[in-house]
Amino acid sequence: MDSVVDFSGDYIWNAVSTTVDGQGTHETQPHTDEEWHEFRRRAVLLVEAANLIAVPGRKVAHGDRTVEDKQPLDVTMIQQRLDTGHEQLVGFASALREVSLKLVDAADKRDLAAITDLGGTLDEVCESCHKVFWYPD
Ligand code: HEC
């Protein structure tokens, strides 16, 4: 999660964004071919991360700890949920793969409106899986 999924998601959310401050509105987006290529790479990383999450028996949390110090749930509890809910996990992983493939496509078309929409969907996909496997009841 920390090394691949969160890292790529943050890149994608930050790469196309609008911020408002005292100086006005600032639009951020990839401009050069190189920047677009980098954006595409992160979307592909999310596609492949979804495949890794779906591998049967794969430990999502590393060993007995997670990176975030304020983890909502103990790792053994997370693992228990993963072991008993594999089918549901695969469903959420598929949703992640689907939205990420659309992000790859939107990057190829340099479609900013689609990327903004898909960014919202991506956030929902992250949350829906976390609600079941990571957050306490
Ligand atoms: C298919 C299920 C699933 C999806 C989809 C998912 N996550 Fe997670 N995530 C988990 C589980 C399970 C954990 C708890 C285990 C762990 O920490 O690795 C977790 C933990 C995390 C953590 C804490 C990592 C740590 O080591 O402390 C972060 C950050 C995170 N997810 C970000 C994201 C983001 C951002 C997305 C969407 C782009 C996302 N996740 C999508 C299942 C998922």
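Residues numbered from 1 in each chain as written. Predicted model: local features only at pLDDT ≥ 70, side-chain atom pairs only at ≥ 80, totals over all residues. Heavy atoms only, no water.

Trainee: Report on the nonpolar core, specifying residues and quantitative values.
Mentor: Residues Phe 39, Leu 103, Ile 115 and Leu 122 are the most contacted members of the largest nonpolar core, which totals 33 residues. Put simply, the parts of the chain that give this core at least two residues each are α1 (2-15), α2 (33-53), α3 (75-84), α4 (86-109) and α5 (112-133). The dominant element in this core, judged by the number of residues it contributes, is α4, at nine residues. Excluding residues that lie within four positions of it along the chain, Phe 39 makes contacts with Tyr 11, Ile 12, Ala 15, Val 16, Pro 30, Leu 103, Ala 107 and Ile 115. (Core = buried A, V, L, I, M, F, W, Y, C linked by side-chain atoms within 4.5 Å. Buried < 20%, exposed > 50% of the residue type's maximum accessible area, 1.4 Å probe, protein only. Helix = DSSP H or I, 4+ residues; strand = E, 2+ residues; numbered from the N terminus. Contact = heavy atoms within 4.5 Å.)

Trainee: Let's hear about the pattern of salt bridges: which residues, and what values?
Mentor: Enumeration according to the criterion identifies five salt bridges in this entry. Among the ionic pairs, Glu 38 bridges to Arg 42, the shortest N-O distance being 2.8 Å. Taken together, the residues span about one helical turn, with Glu 38 and Arg 42 both in helix α2 at a distance of four residues. As a salt-bridge pair, Lys 109 and Asp 105 come within 2.9 Å of each other at their nearest N and O atoms. With Lys 109 and Asp 105 both in helix α4, this residue pair falls four residues apart, about one helical turn. Classification of Lys 109 as exposed rests on a relative accessible area of 57%. (Salt bridge = Lys/Arg side-chain N within 4 Å of Asp/Glu carboxyl O.)

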